[in-house]
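Observations on the three-dimensional arrangement
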Amino acid sequence: MGHGGVLALCIGAAGVTWWLLCEPAAYALQDTPAVNVTVRPVESRYPEAEEVAREVELLVKVYVQRLQAGDASDLAHIGAPWYTDKERAAQRLISGYGTHAD
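Residues numbered from 1 in each chain as written. Predicted model: local features only at pLDDT ≥ 70, side-chain atom pairs only at ≥ 80, totals over all residues. Heavy atoms only, no water.

**Quick look at the overall build of the protein**
Secondary structure summary: the protein contains four helices and zero strands in total. Going from the N terminus to the C terminus, the protein shows its helices and strands as α-α-α-α. Going through the 102 residues of the protein one by one, you find that 27% of them count as buried. Pairs at least 24 apart in sequence give 62% of the contacts found in the protein among residues at least 6 apart. (Helix = DSSP H or I, 4+ residues; strand = E, 2+ residues; numbered from the N terminus. Buried < 20%, exposed > 50% of the residue type's maximum accessible area, 1.4 Å probe, protein only. Contact = heavy atoms within 4.5 Å.)

In structure tokens form, the structure reads like this:
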């Protein structure tokens, strides 16, 4: 991974961390449906890679869980606040991928 990739990885980690800390309810796993997702970092000389993978794993689990549940409002809630029309985009994602989320 080059210096640009490491910088992007660090910026992504900072963004995910900020997002998780600012909006904890949106990124909390619910009791159902249960999801099984594992994110593994590629072998890296940078120690941040493992931390980023753990943070991304939670985000992916929450996303897949909301997709499986089929609740567009819940799925839209985890979208970035600046993204417009989240509700419609969430419904399109559920229609296209919800049945395959498991």
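**Here we look at helix α2 (residues 48-69)**
With 22 residues, α2 extends 32 Å from end C-alpha to end C-alpha; this agrees with the ideal 32 Å at 1.5 Å per step. Within the sequence span of α2, burial applies to A49, V52, A53, E55, E57, V62, V64, Q65, R66 and L67. (Expected span 1.5 Å × (residues − 1).)

**Section: the side chain of Q65**
Structurally, the position occupied by Q65 is in helix α2. Other than its neighbours up to four places away in sequence, Q65 contacts A28, L29, Q30, D31, T32, P33 and V35.

**Here we look at the confidence of the model for the protein**
Averaged over all residues, the pLDDT of the protein is 77; the fraction at 70 or higher stands at 75%. Confidence scores differ between elements of the protein, with helix α1 (residues 3-22) showing the lowest mean pLDDT of 63 and helix α4 (residues 86-97) the highest of 87. (pLDDT = per-residue confidence, 0-100.)

**Notes on the nonpolar core**
Judged by nonpolar contacts, V37, V62, V64, L67, A72, L75, A76, I78, A90, I94 and A101 together constitute the single largest core of eleven residues. Among the elements of the structure, α2, α3 (72-77) and α4 are those that each provide at least two residues to this core. Dropping the residues within four chain positions of it, A72 is found in contact with E87, A90, Q91 and I94. (Core = buried A, V, L, I, M, F, W, Y, C linked by side-chain atoms within 4.5 Å.)

**Some thoughts on the pattern of salt bridges**
Taken as a whole, this structure holds three salt bridges when the rule is applied. Here E50 makes a salt bridge to R54, at a shortest N to O gap of 3.6 Å. Of the two residues, E50 and R54 both sit in helix α2, four residues apart, roughly one turn of that helix. Close ionic contact of D85 with R88 constitutes a salt bridge, the shortest N to O distance being 3.4 Å. (Salt bridge = Lys/Arg side-chain N within 4 Å of Asp/Glu carboxyl O.)

**Some thoughts on α4**
An ideal rise of 1.5 Å per residue puts 16 Å on twelve residues; α4 measures up with 16 Å between its terminal C-alpha atoms. Turning to α4, its buried residues number three or more, namely A89, A90 and I94. Looking straight down α4, one finds that the buried residues subtend no more than 140° of arc, so they occupy a single side. Structural note: α4 exposes R88, R92 and S95 on the side pointing more than 90 degrees away from its buried face. Of the surrounding elements, those touching the buried residues of α4 are α2 and α3. (Arc of directions from axis to C-beta.)

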